6 protein chains.
Amino acid sequence: MKRKAIYPGSFDPITNGHLDVIERAAKLFDTVIVAVANNSAKSPLLDVSERKALVEEATGHVINLEIDTFDGLLVNYVAKRQGHAIVRGLRAVSDFEFEFQLALMNRQLNDTIETIFMMPKDRFTFLSSSIVKEIASLNGSIDAFVPAPVHRALKKKFDSGTQTETN
Amino acid sequence: MKRKAIYPGSFDPITNGHLDVIERAAKLFDTVIVAVANNSAKSPLLDVSERKALVEEATGHVINLEIDTFDGLLVNYVAKRQGHAIVRGLRAVSDFEFEFQLALMNRQLNDTIETIFMMPKDRFTFLSSSIVKEIASLNGSIDAFVPAPVHRALKKKFDSGTQTETN
Amino acid sequence: MKRKAIYPGSFDPITNGHLDVIERAAKLFDTVIVAVANNSAKSPLLDVSERKALVEEATGHVINLEIDTFDGLLVNYVAKRQGHAIVRGLRAVSDFEFEFQLALMNRQLNDTIETIFMMPKDRFTFLSSSIVKEIASLNGSIDAFVPAPVHRALKKKFDSGTQTETN
Amino acid sequence: MKRKAIYPGSFDPITNGHLDVIERAAKLFDTVIVAVANNSAKSPLLDVSERKALVEEATGHVINLEIDTFDGLLVNYVAKRQGHAIVRGLRAVSDFEFEFQLALMNRQLNDTIETIFMMPKDRFTFLSSSIVKEIASLNGSIDAFVPAPVHRALKKKFDSGTQTETN
Amino acid sequence: MKRKAIYPGSFDPITNGHLDVIERAAKLFDTVIVAVANNSAKSPLLDVSERKALVEEATGHVINLEIDTFDGLLVNYVAKRQGHAIVRGLRAVSDFEFEFQLALMNRQLNDTIETIFMMPKDRFTFLSSSIVKEIASLNGSIDAFVPAPVHRALKKKFDSGTQTETN
Amino acid sequence: MKRKAIYPGSFDPITNGHLDVIERAAKLFDTVIVAVANNSAKSPLLDVSERKALVEEATGHVINLEIDTFDGLLVNYVAKRQGHAIVRGLRAVSDFEFEFQLALMNRQLNDTIETIFMMPKDRFTFLSSSIVKEIASLNGSIDAFVPAPVHRALKKKFDSGTQTETN
């Protein structure tokens, strides 16, 4: 039996922590779909097509992967794609509580879909898309935290942003 | 590719929470090995053969399951059995921290083995083998918390235990 | 001596978790006042009179209850209403810390008022007004999470909201 | 309607933190029963009659109080005494998780009994019977942490204990 | 060897909890620099010069102190000022996780700078700049929570704020 | 002014995590005293002189260090040695709560002594003396977790331990 996992997220932008979870999940399932949430209500820094493109560039080396975007309820998307499991990364206690509430809610909405939690490398414990964006916005170096294409994309974003502001 | 997961624990005794995790894991992997830790240093209530027998009785309805016992380091056992992943149930923040330390340590000892965390039904959140043993020792009813064979085994244990004490 | 408890909150909207706490509190006190915070600064989805009306519809079966709204500091409201205790529901560790800080602050502001914490049913652990609003906004079903009048009110809200957006 | 709360614990020994919770609970209920657990399995420092006597000496000023001891399951004791609520003090996140599991389990065993959580004064946050015993055993001063009778009892205990050891 | 610590923050406004940490840090280091973050992106209530002035007024009695403001990455500021350590106050578990992620990130950005955590007095556990602003905005008394100059500044702010709104 | 910090612990045995904290603390204080607790009540694996000797062997490269042992209350020892601060390492939320209670209690016992918390390298997050002992007892490799002298000492201990058991 082939098993398919969905790894959903905003990926605004994808970090080395996300990448680490993707590589680990890809070893445990026949197919992993990285599902980039449209999430327009959260006013992401990058629009959904940029975010999807960066995930694609960063994960070219992983074979059994598909990159997609989705709208609406995650459980509906997972059902439509016939996924067996939702994969989520856990870094800290605060993640844990939020993720647990989400997983319990998703189970309530559709109890045929399982959520499994995976742990990124310990040196990525502190990493989040928000902290990466904050450092980039302050002109700090993010080389060690994100794949190269993301580095370039954020540099461009914040450089042009600064220009816009100063003009 | 066939994937094999190991679900290790003391199972002293197996509870409905463990059973729930076993059933969920069995849907995601081709084979799940429930690995009962010998753990003689922790002076369990039930010896390892009793604990294994109770897991077997409680899980007869799950097809792709194997029940085994192990000694020594978990990662060595998983490697010997060619497992791809270790499955652990998470109920609460305190679990989370302990399990994370364990998983990080196991990854340090053998980084080819992944740990994944699964969530039992919310109504099993409070359940643990210790709390079951404490209630049974106080003659409380544990019908709702453990499979029937465990209920019978603990009743026998504590009835005879009480006799021993009072004689 | 008659004892009166205040159960304050935004109730934006009331969920089955809130309802569960209300029913439990009503058994322990002679009167429970459900106090809907005006909170205009937090830009709630529903205005205070809608929120109060929904609490009233959902709690018609509880006898020793009064529904009210309040502005300003909670401790001042509790003192004015001669309440003996503030009741708060606790679901998770993150709740716990926030609620503790609030309760310590309230005690500092008025040390004659006690805060007591109650626990909703475990199957409501994941429930919050925010998560209900998010699901409703994505056209997910919230029947299992809120009283029927809330279900209808949110459906109307988000249906008309969508219309507004698309016109 | 008269309402009765049970405040159970080992009270090995009663601390100023326990006393603070007792005084707060006594304002919210018509009767509070302080229920000293026999707990012989936990090998307490003081036997149950000493622990009960110290609670009595420390709480003489609280009128609507009864001091009792109990064996076996707490919910059975509460039912026998026709208590409406179990009162527990919460100091920290670790308390919170343990207490929640206990309360959920007790609700499972008898769903007519409510558990409410109260918060001792913030300057008692660090206080526990164990830490008091450890300080006393190292000849540190515990005046600020326990009622006077407990101070005297522990002093006697550890003075004689030391003698026993050195003889 | 002289040692210099940096105590960074928004100080919007400085509370008695901050003041307590400042006094404690000043005993352990030869110089402490209180570094007020410009943080214009977070739309603080008080602008950076007001916040700096209030820190100065509140800390006049501490000798080995310097008050400064900074922009951009904290680690760059600390390096420029040749600080040996970053000092942060910890009050609660939620603080702890956030602060840990920040400290790990800062160590990644510059591993010659150490972060140390200090604990304010337990009666300041519940204090935060946000809670102080909320109470002040509801006309509650904040005398016990902030130094006198802050009290006056917030009173003026919220009084004039109300005027503005009603005109 | 010269400043002296005390780093207390059981060090049963010293791990690379402890060593990391020692090296960090030694940069912030003029002298650091590593204070090995006698703790005979906790039945440590290694006696206090072995534990002290291992700390000495492992820390030979740190200049401003003194290794000592102590009995009784930590605050009394710190006062006797005229220490300005107690240093403690923090790894996880569970550490945090326990350490906070301890620090608050110590402050209560002697409010002239400050406790500061430091963070070991993230790859030592999972490390504890107990986990090291458990792995060593199961013949796992602990090379990566402890200084070389500890490795040798534990190997000897568990080899002879096993012999004793099997003879």
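Residues numbered from 1 in each chain as written. Chains lettered and ligands numbered in written order. Predicted model: local features only at pLDDT ≥ 70, side-chain atom pairs only at ≥ 80, totals over all residues. Heavy atoms only, no water.

*Asks:* So what exactly am I meant to see when it comes to the overall build of chain A here?
*Replies:* Across its full length, chain A holds six helices and five strands. Going from N to C terminus, chain A has its helices and strands arranged as β-α-β-α-β-α-β-α-β-α-α. Computed over its C-alpha atoms, the radius of gyration of chain A comes to 16 Å, within 12% of the 15 Å expected for a compact globule of 167 residues. Along the first, second and third principal axes, the C-alpha set of chain A runs to 55 × 30 × 30 Å. (Helix = DSSP H or I, 4+ residues; strand = E, 2+ residues; numbered from the N terminus. Rg over C-alpha atoms; globule rule 2.2 N^0.38 Å.)

*Asks:* Even after reading the chapter, I still don't get the side chain of B:Gln101, so can you show me in this structure?
*Replies:* For B:Gln101, the location among the structural elements is in helix α4 (residues 93-109). Judged by relative accessible area, which is 16%, B:Gln101 ranks as buried. Once residues lying within four places of it in the same chain are set aside, the contact partners of B:Gln101 are F:Ala92, F:Thr125 and F:Phe126. (Buried < 20%, exposed > 50% of the residue type's maximum accessible area, 1.4 Å probe, protein only. Contact = heavy atoms within 4.5 Å.)

*Asks:* Is there a simple way to explain the relation of the copies chain F and chain E in this structure?
*Replies:* Both copies of the chain are related through a single rotation about an axis accompanied by a shift along the same axis. Rotating chain F by 180 degrees and translating it 0.0 Å along the rotation axis places it on chain E, where the RMSD comes to 0.0 Å. Taken together, the rotation and translation describe the operation of a two-fold axis. If distances are taken from each C-alpha of chain F to the rotation axis, the shortest is found for F:Phe117, at 2.4 Å. Mapped onto chain E, 100% of the interface residues of chain F are again interface residues, and the two copies thus contact each other with one and the same surface. (Least-squares fit on C-alpha atoms with pLDDT ≥ 70 in both.)

*Asks:* How should the interface of chain F and chain E be read in this particular structure?
*Replies:* Interface size is often expressed as the accessible area that is lost when the parts come together. At the interface, 28 residues of chain F touch 28 residues of chain E. Summing the contributions of chain F and of chain E, the shared interface buries around 2600 Å²; its carbon and sulfur component is 62%. In this structure, the connection of chain F to chain E is made through four salt bridges. Between F:Glu114 and E:Arg24 there is a salt bridge, and its shortest N-O distance comes to 2.9 Å. At the surface where chain F touches chain E, the tally comes to 15 residue pairs in polar contact (both at pLDDT 80 or more). (Buried area = accessible area lost by both parts, 1.4 Å probe. Salt bridge = Lys/Arg side-chain N within 4 Å of Asp/Glu carboxyl O. Polar contact = N/O pair within 3.5 Å; in protein donor to acceptor, adjacent residues only side chain to side chain.)

*Asks:* Explain the environment of E:Ala5 to me, please; I cannot follow it from the model alone.
*Replies:* All names here are of chain E. Counting through the fold element by element, alanine 5 comes out in strand β1 (residues 4-9). Note on alanine 5: relative accessible area 0%, which makes it buried. Alanine 5 sits 114 residues away from methionine 119 along the chain, and the two C-alpha atoms are 16 Å apart. Among residues more than four places away in sequence, those in contact with alanine 5 are Phe29, Thr31, Val32, Ile33, Ala85 and Val87.

*Asks:* What am I meant to see in the confidence of the model for chain A here?
*Replies:* Any segment with low pLDDT has predicted coordinates that should not be analysed in fine detail. Residues and elements named next belong to chain A. Across chain A, the average pLDDT comes to 89, with 95% of residues at 70 or higher. For chain A, helix α6 (residues 148-166) is the element with the lowest average pLDDT, namely 75, and strand β3 (residues 65-70) is the one with the highest, namely 98. Across the interfaces of the predicted complex, the ipTM metric reaches 0.90, alongside a pTM of 0.91. (pLDDT = per-residue confidence, 0-100.)

*Asks:* What is the right way to read unusual backbone geometry from this model?
*Replies:* Residues apart from glycine generally show negative phi values, whereas peptide bonds are mostly found in trans. All names here are of chain C. Cis peptide bonds are those with omega within 30 degrees of zero, and the linkage from aspartate 12 to proline 13 qualifies with 5 degrees. Mapping proline 13 onto the fold places it in the loop between β1 (4-9) and α1 (16-28). Positive phi, normally seen in glycine, also occurs at glutamine 82, with a value near 55 degrees. When its relative accessible area of 61% is taken as the criterion, glutamine 82 is described as exposed.

*Asks:* So what exactly am I meant to see when it comes to the pattern of salt bridges here?
*Replies:* Where side chains of opposite charge bring their charged atoms close, a pairing between them can arise. Evaluation of the coordinates by the stated rule reveals 72 salt bridges over all chains. Residue E:Lys155 pairs with E:Asp159 through a salt bridge whose shortest N-O separation is 3.6 Å. In this pair, E:Lys155 and E:Asp159 both sit in helix α6 (residues 148-166), four residues apart, roughly one turn of the helix. Residue class for E:Asp159 comes out partly exposed when judged on its relative accessible area of 35%. What emerges from the salt-bridge pattern is a single network uniting A:Asp20, A:Arg24, A:Lys121, B:Arg107 and B:Glu114.

*Asks:* Please clarify how the pairing of strand β2 (residues 31-37) of chain F should be interpreted in this entry.
*Replies:* Within a regular beta strand, the side chains point alternately toward one face of the sheet and then the other, so they alternate between its two faces. Residues and elements named next belong to chain F. Burial of β2 is extensive: six of the seven residues sit out of reach of the surface. Examined bridge by bridge, strand β1 (residues 4-9) and β2 share six bridges and lie parallel to one another. Note that in β2 the partner of alanine 5 across the bridge is valine 32. For the crossover from β2 across helix α2 (residues 48-58) to strand β3 (residues 65-70), the handedness is right-handed. (Pairing = 2+ DSSP bridges. Right-handed = clockwise from strand over helix to strand, strands pointing away.)

*Asks:* Just to check I follow, could you spell out the packing of aromatic side chains for this structure?
*Replies:* What characterises a pair of aromatic rings is the spacing of the ring centres plus the angle enclosed by the ring planes. Residues and elements named next belong to chain B. Overall, the coordinates contain 12 aromatic pairs over all chains when judged by the stated rule. Considering the side-chain rings of tyrosine 7 and phenylalanine 11, the 5.4 Å spacing of their centres and the 75 degrees angle between planes classify their relative orientation as edge-to-face. The exposure class of phenylalanine 11 is buried, given its relative accessible area of 3%. (Phe/Tyr/Trp six-rings, centres within 6.5 Å; stacked < 30°, edge-to-face > 60°.)

*Asks:* Explain the arrangement of the chains here, please?
*Replies:* There is no contact between chain A and chain D; across them, the least C-alpha separation is 12 Å. Taking C-alpha atoms only, the smallest gap left between chain C and chain F, which are not in contact, amounts to 11 Å.

*Asks:* Looking at this structure, I do not really get the side chain of D:Arg24. What am I missing?
*Replies:* Of note, D:Arg24 is situated in helix α1 (residues 16-28). Overall, D:Arg24 belongs to the buried group, its relative accessible area being 9%. Those residues in contact with D:Arg24 that lie beyond four places of it in its chain are C:Arg107, C:Glu114, D:Met118, D:Met119 and D:Lys121.

*Asks:* What should I look at first to understand the environment of D:Ala25 in this one?
*Replies:* All names here are of chain D. In this structure, alanine 25 sits in helix α1. You can call alanine 25 buried: its relative accessible area is 1%. Distance in space between the C-alpha atoms of alanine 25 and isoleucine 86 is 10 Å, their sequence separation being 61 residues. Apart from residues no more than four positions distant in its own chain, alanine 25 is found in contact with Val32, Val87 and Met118.

*Asks:* Where do I start with helix α5 (residues 129-137) of chain C in this structure?
*Replies:* Think of an α-helix as turning once every 3.6 residues; residues three or four places apart then point the same way. Residue and element names in this part refer to chain C. For α5, the set of buried residues is Ser129, Ile131, Val132, Ile135 and Ala136. Buried residues in α5, looked at end-on, bunch into an arc of 165 degrees, giving them a common side. Residue asparagine 139 follows α5 closely and has a positive phi angle near 65 degrees. (Arc of directions from axis to C-beta.)

*Asks:* Would you explain helix α2 (residues 48-58) of chain D in this entry?
*Replies:* Residue and element names in this part refer to chain D. Every buried residue of α2 is listed here: Val48, Arg51, Leu54, Val55 and Ala58. Along the axis of α2, the buried residues cluster in a sector spanning 125 degrees; they form a single face. Exposed and oriented more than 90 degrees from the buried face of α2 are Ser49 and Glu57.

*Asks:* When you look at the environment of A:Phe124 in this model, what are you seeing that I'm missing?
*Replies:* Residue and element names in this part refer to chain A. Here phenylalanine 124 shows up in the loop between β5 (114-118) and α5 (129-137). Using a relative accessible area of 7% as the deciding quantity, one classes phenylalanine 124 as buried. Taking the C-alpha atoms as reference points, phenylalanine 124 and valine 36, 88 residues apart in sequence, are found 20 Å from one another.

*Asks:* Please explain the pairing of β3(F) as it appears in this structure.
*Replies:* With six bridges connecting them, β2(F) and β3(F) associate as parallel partners. By the bridge assignment, F:Val34 is partnered in β3(F) with F:Ile67.

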